[in-house]
Structures are given as structure tokens and as C-alpha cells.
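Listed below, chain by chain, are the residues.
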Protein chains: 2
Amino acid sequence: MALVVQKYGGSSVADAERIKRVAERIVDARKAGNDVVVVVSAMGDTTDELLDLAHQVSPLPAGRELDMLLTAGERISMALLAMAIQNLGYEARSYTGSQAGVLTTSVHGRARIIDVTPGRLRGALDEGAIAIVAGFQGVSQDTKDITTLGRGGSDTTAVALAAALSADVCEIYTDVDGVFTADPRIVPNARHIKQITYEEMLELAACGAKVLMLRCVEYARRFKVPIHVRSSYSHNTGTIVTGSMEDLPVEQALITGVAHDRSEAKITIVSVPDEPGAAAKIFETVAGAEIDIDMIVQNVSTGQPGAHQTGRTDISFTLPRADGPVAMAALNRVQAEIGFETLLFDDHVGKVSLIGAGMRSHPGVAAKFFGALAEAGVNIEMISTSEIRVSVVCRDTDLDDAVRAVHDAFDLGGSEEAVVYAGTGR
Amino acid sequence: MALVVQKYGGSSVADAERIKRVAERIVDARKAGNDVVVVVSAMGDTTDELLDLAHQVSPLPAGRELDMLLTAGERISMALLAMAIQNLGYEARSYTGSQAGVLTTSVHGRARIIDVTPGRLRGALDEGAIAIVAGFQGVSQDTKDITTLGRGGSDTTAVALAAALSADVCEIYTDVDGVFTADPRIVPNARHIKQITYEEMLELAACGAKVLMLRCVEYARRFKVPIHVRSSYSHNTGTIVTGSMEDLPVEQALITGVAHDRSEAKITIVSVPDEPGAAAKIFETVAGAEIDIDMIVQNVSTGQPGAHQTGRTDISFTLPRADGPVAMAALNRVQAEIGFETLLFDDHVGKVSLIGAGMRSHPGVAAKFFGALAEAGVNIEMISTSEIRVSVVCRDTDLDDAVRAVHDAFDLGGSEEAVVYAGTGR
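Thresholds applied
Residues numbered from 1 in each chain as written. Chains lettered and ligands numbered in written order. Predicted model: local features only at pLDDT ≥ 70, side-chain atom pairs only at ≥ 80, totals over all residues. Heavy atoms only, no water. UniProt positions renumbered as here; feature names shortened; annotations may be inferred. Phe/Tyr/Trp six-rings, centres within 6.5 Å; stacked < 30°, edge-to-face > 60°. Lys NZ or Arg CZ within 6 Å of the ring centre and 35° of its normal. Domains from an automatic or database assignment. Buried < 20%, exposed > 50% of the residue type's maximum accessible area, 1.4 Å probe, protein only. Helix = DSSP H or I, 4+ residues; strand = E, 2+ residues; numbered from the N terminus. Pairing = 2+ DSSP bridges. Contact = heavy atoms within 4.5 Å. Buried area = accessible area lost by both parts, 1.4 Å probe. Salt bridge = Lys/Arg side-chain N within 4 Å of Asp/Glu carboxyl O. Polar contact = N/O pair within 3.5 Å; in protein donor to acceptor, adjacent residues only side chain to side chain. Nonpolar A, V, L, I, M, F, W, Y, C, P; charged D, E, K, R; others polar. Disulfide = S-S within 2.5 Å.

By the naming in an unreviewed UniProt entry, chain A is Aspartokinase, taken from Asanoa iriomotensis. The Function (unreviewed entry) comment attached to chain A in UniProt states, word for word, "Catalyzes the phosphorylation of the beta-carboxyl group of aspartic acid with ATP to yield 4-phospho-L-aspartate, which is involved in the branched biosynthetic pathway leading to the biosynthesis of amino acids lysine, threonine, isoleucine and methionine." The UniProt entry for chain A carries the following text under Sequence similarities (unreviewed entry): "Belongs to the aspartokinase family."

What follows is the structure in C-alpha cells.
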């Protein structure tokens, strides 16, 4: 008998009908002889509706109370899902994050999981019940207050429970059939990927592939939890995320796929004194505002050698678009101290990335990548590379062309068109 | 510095605007120098909406999951209320029933409070915060599952917390200015009662006065918690429930007021064998279906003395109308065993009761009561009396006339018309 952790997102449980369908799917897994733990998100738009209520009573609700409020969402969906399963004749019990033993830091709205003590879940499984657990939430180890895990929290809950329970697999149900060589909405002949390593999946997630959140993949890699990404609208095989690139045979195909991201913005700090500490001060400032930055590019200094004048340089970086205003304000406050000239904000950028093993040892890959973009008439604004990735920033309007050009250049297409389920955006 | 427990019902927090008004009222109590603990119900129709969702996924949802679902309601209202208070510059923290230490039995949907361990609330108060607590819910001492307290649960939560914290007063905010000598909607000159004993309030609640639930008054009497019933729509003085009838001076007015109830139905068991054990079997059956019965009347046996035939009698009792179908089904199953002829169900009944000290020692009271009903043309179907109460069942269509007739006969009216707040039904 295997132990399976399944996770269903908000769109999979958006109304009573969908909850009943998901219940059938869960019961199928139980009938197949598995112990089943299910992690569930809040129904459809519940979280947004609760946020709206919060802003009606307070312009700046405190994190503790916001977490208390939002966790009502999963409480509703998990209880309904347990009822729907019971209605099919199977025993099911729902548990809050706290009851399931999800212990976190006390940073409200973006808590991190410290430990999982799944005693009650284990007890429920031992008694033959299906355990339904609220995703996205936990309880602070220090303050005993209810916390939420922030973006992608439910996926992380699922992987964390799978790790704590030594589950055989963590199935993440989503609105696509798994991972593809590119977004099938942009590249119709994108090829389905049956199996992928944690490292490749991490790079894809970091580069904008939305199918899995970065945190959840990091957690899975650390605890060696196999993730099975599947569609909740089909019975197709999906994608298994497991193993390390070191274990890949040398004959393994070099290129994994193309990812894109249109959620970022670019800030350019113009004419920064080219002296030790300037860059450090800039990124300390941004980090102090708790903003994650992505790519950083510094141009060659424009200072005149021998002119007895400090050189000047421009520094650009990308960050989540939503964090733009906070980052701009924080940098503005240190303008005099750092001595830069001005700040530019550009939210019309896109990022395209090519992910695959052994990029460093195959220098032709980057050249072919840039060549494909040039041929498609896409201007490159920033470049960043890692051992298994090369990314460029371009105009957001060029992004789709860029993805298609790169996907074609590396012959990533399959012979069949990928199935895209209509109207199932998460 | 006093410690005040306040309780606000669902209509008082039905939307963001009302939540903000309640927040102001709470802050006023804090500004006046009190420590404040607030018990809050779910917003407006939330509970009904959640029940509706439950019935969409399952015709007979399990109690454990239903409690998990419904408790999401108070979670939402309490978090919003805490935010609204913080927005006024005061520290507030919300707590679930479980976090507030409300320990209950494990009977889902109608759990009873076993103990209250308010350590976290005490800590919050010591740090100067206002504590907001979810009404109507607790956690089972045995199973650690979330429970709900059933009807009137939030009032009971408030009184239980007031007892556990040795609060100076428990303020129950409602949609009327307190307790009146009759329902002001039926008797316009009903007199406002400034102070009333626990015993009188218990009888009023048991006889249908909706201003306070029976359980909550029982709890308050047991732990000697003074209850202050007030309107959340005015700043009038309300009614204090405190003290025992034994402490009343002998000159105290005999009659407290008139209560009425239109929530009951009457079941008549026709032609029951008049032999030992028949009545016991009937009421064991009803109790087995977990139904609370109210009045019981047994007619004189119609058996012919000396006819060597067992006598026959009719037994009637009243019960909550909603429990009618279950009671009828349970009794039908034992028809052969008990040997009665048939069952009659009547849901067009009403009950009018007169409550006051020393009824037993003033036999004229009952006579005057029946006389007033006769004069108003109201036919009496059942009679029941206690030391401080006389109740009759009549046609529901006669009920308003009956209340007015009794109220007039005992000269209970005041000189002013009572204020009834429009559209604030709970």
C-alpha cells in the first residue's frame, strides 16, 4: 500500500460540482489501495473576496488578523471536500494547518515551514480515513498564532506533508497536463516532458514557468520527494519531477525547454559612482524592503581614465512588477547617500530563458540562442546565465516571438499539438 | 479598572460598515478604562450560506465537518473586527474558540462547555490588547476536534468567558433595548424592565422571550455573572440580569411579564392504553431522538370502570416545530409496541406565559390569567404551571390577542411607547 499526497488548487474546487468531481478522483486513489492525504486551497475567488472585505474595514490590515481571515478560505473548502468524500461512502477528516502539525516562522503572510509533526494525520490514516488538510497555512512555533505561507503556499504544504509522512509521491493537480518544453498557449507544438530533474524544474520555475512554485520544488529537492504534476481535468500521465542531473546518462538530451516570464519590471539606477560599496548599498536597500531581485546587470564604467574623476556606471536589475513602487521609494530615499543621478522604471519587459544540462560545456548553445532572437528581430536588453540556463530580457511585446524562435531553433517541438484546457487559468 | 465581556450578534456585524460601528463602541469601552473581551458571531447570513454549500455537496453532512465549516464564519467576522479596531489605534487580537480555551464535549453541532482556560486572553489583556473571541465554537476536550455549541452558542460563550475571567459584567448586545414586560412589537406600551433576577429571566427565555437564550442564563446563574442586555443601536441603559428571587424585598412587584412562543408544535398520541409504562415508553422514544419536549398533558382515562377493559387516554406534548417530523417518525415506529391508535400533529399552536414571583402563594393570579383569556375569546388547549409561571397553549392566530389581554389584565403597561428598531431582526 502506497501513501499518496494530492494537492488541488482553488480552481479545482471552485464550486460544489467541482468539489464533488475532485472527491471522486480522491476516492479512486483510495480504491486503488493507497493511503491518501489531500491538500486543498480555498475555493475559486474566496481569498480575493476576503481581502476585499479586509480593505473595506481597514486600509492596512495587520498581518496576524489578515492570516486569521484568509485561513477561513481553506477551512471552508476542506470541510466541504471531506463531506463530499463521506457522501461517496469513504471516511474523511479535515484538518487545519495547525491541526496537521505545520509549524512555521511567525512572519505573517509569508511564513516559512520549520517543521511538520503529522501525528494526527498519521492517526487518521491508521484508522483508514482520508485526511484533508488546509493548504497555505500553519501555526507559528513561537507565538502559536495562525500564519499563511504566501504565494505557492499550498504546493509547499503538500510537499512538506509528503516529506514528513515519507509519502511515495506528491501529486500536484493543476490545469495543464504537466510540464512542456514551452507554454503550449504560445507554442502550439510544445512537447510534453514525462520526467524532469529537480534542478531543471527549479530553473523553469525561477524563469517563470507557473506550473510549480519555486519554493515547493526547493522543498521537494531537499527532502527527495517525487512530485507528479497532473491535470485535474484529464487522466493523462503528467510529469514526474525527481532525481538529480548528476544521475542523468550522458546521452540525455541537452535542452529541457523554454520558459518565459512577464511578471517582472526593470529598474535602472543611472550614473552610479563607480566606487567600492555603491552596488552593495543599492542592493542592501532593496533587500531591506524585503524584495527579491532577479537579474542584475552593471555596464562598463563611463569614467575617463586619468581624468581624476570618479567613473560612473549604470546598474539595472529586474524584480517582481508589484514590488516596483516600494523599491523605487526605498532607492529614492538613499539617492543623496549613494550619489546616483536618477532612477528609471520600466514595466514593459519580458524574460525568455533556455534551460538545459551542460550549457557551460557547450558554448554553442548561447550563441545559437542569441542568433535565433536576432533572426526574429528581438532586441536583447539584459543577459544572465547559469550552468544550466541562459536568460535575456526583451520588450514584453517581443516575448511570444522570442519564445517561438528559441523553441524552433532548438528543435524542441513534438509531433502532436498540446491540449490546452480552456478557461482554467489559476 | 473593570473587565467587561461584550457580545455582538450576526446582525450587528453584517457588513463592513456595521463592523466599523461596533469597533467604535468597543473602543469607547476601552477608552472608559475597561479591559475588554469581545465575543462575536458570524456576519449576517454567513452561517446560512455555508449550510447551503454543505447541502450542495452532501445531503447529510457529518457533524465534525459541518462544525469545521461553520466555524469559518466567526473566523471571518472576528478577524475583520480586530482589523477595524486596530484601525482606530487600539491593539486587538482575535482568537478562535479553541485558542480562547473554550473546552467542550465532543457532540458536534450541540457541544456543551466543560471548562474555559483563558490563558491567552488573559495574556492579551495584560499587554493592553482588546481580545476578540469567536462565539458559538470550542474544541472537544477528548478528540481535539472543533465543535459548535448550537443555538444561542455565542451568548453562552460570552457568559462562559465572563465567568472564567471573573469579569465585572457580560454585556449582550442585541436589537432591542433589553427586556420588556411583553414583546413591544405586540404590546406597544410594554414596560422596560431595568433589573430582573436569573430565575425570572430563565422562565422568560424558556417561554419564548428571544432576547436571551436559556442556556446562557443558566450558565450566568450558576457562575453568578451579571448580564447586561443592551441594544447595539442605541445608548439606552438596557436590562441587568442578576440576583436571586430570594433576595427580592417582599414588596417587590409580583408579576415580571408576559412571554409568548410561536416556534412550537403539538403532538397528540390518541388512545394510549392507560397502563403503567405507556407514558414512559413514549417519552423514552422522543428523548431517544434527542428532542427536547416542553409541556405534557394527559387527559383523564376514558376506560369504563368495571368493564374489564383497559382504559384509554390521550397524551399531548409540545416540542420545537422543526423537530416534529423526527418525533412523528420515531413514535410511528413504536405504535404497535405501545398500542396507541393514531398520532396527530398540530403546528398551528402558540404559547402565552405569565412569569412572576410567588404564583403558588397567590392563587388568584392563575384565575385572573384564565379570565383575561376568556374575555378575549381565546380558547385554552393546554395548561402548565410552575412556582413562578403559568402557561397556556392556544391557536397561533389567537396568540397576539392573548398576550395583549394578559398584559392589560395585570396592568403591566408603562406610560411610554417602547422603541422598536426597524429591520433589525436577529
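Visitor: Which residues make up the packing of aromatic side chains, and what are the values?
Guide: Going through the model one piece at a time under the given rule, you end up with eight aromatic pairs over all chains. Against the face of phenylalanine 410 of chain A rests lysine 368 of chain A, its NZ or CZ located 4.9 Å from the ring centre.

Visitor: Give a description of the domain arrangement of chain A that names residues and reports values.
Guide: In terms of domains, chain A is made up of domain 1 (3-174) and domain 2 (246-413). Here the C-alpha centroids of domain 1 of chain A and domain 2 of chain A sit 36 Å apart.

Visitor: Can you lay out the pairing of strand E22 (residues 389-395) of chain B for me, pointing to particular residues and giving the numbers?
Guide: Residue and element names in this part refer to chain B. Burial within E22 is extensive, with six of its seven residues counted as buried. Across five bridges, the pairing between strand E21 (residues 382-386) and E22 is antiparallel. What sits directly across from isoleucine 383, in E22, is valine 392. In sequence, E21 turns back onto E22 through a hairpin of two residues.

Visitor: So what's going on with the interface of chain B and chain A? Residues and values would help.
Guide: Taken together, the contact pairs 41 residues of chain B with 41 residues of chain A. Together, the buried faces of chain B and chain A total about 3200 Å²; carbon and sulfur atoms form 62% of this surface. Per-residue buried area on chain B facing chain A is highest for Val57, Arg75 and Met83 of chain B; these three make up 22% of the total on that side. Arginine 120 of chain A is paired through a salt bridge with aspartate 145 of chain B; the nearest N and O atoms lie 2.9 Å apart. Taken together, chain B and chain A are joined by 16 residue pairs in polar contact (both at pLDDT 80 or more). Only helix H1 (16-31), helix H2 (46-57), helix H3 (63-86) and strand E3 (92-95) of chain B provide two or more residues apiece to the side of chain B that touches chain A. Broken down by element, the residue count for the side of chain B that touches chain A peaks at 16 residues, all from H3 of chain B. Here the side of chain B that touches chain A is composed, by residue class, of 24 nonpolar, nine polar and eight charged.

Visitor: Would you mind going over the state of the cysteines in detail, with residue names and values included?
Guide: Here a disulfide denotes one covalent bond, and it connects the sulfur atoms of two cysteines. Under the defined criterion, the tally for this structure stands at zero disulfides over all chains. As a non-bridged cysteine, cysteine 170 of chain A has cysteine 216 of chain A as the owner of its nearest cysteine sulfur, 6.6 Å distant.

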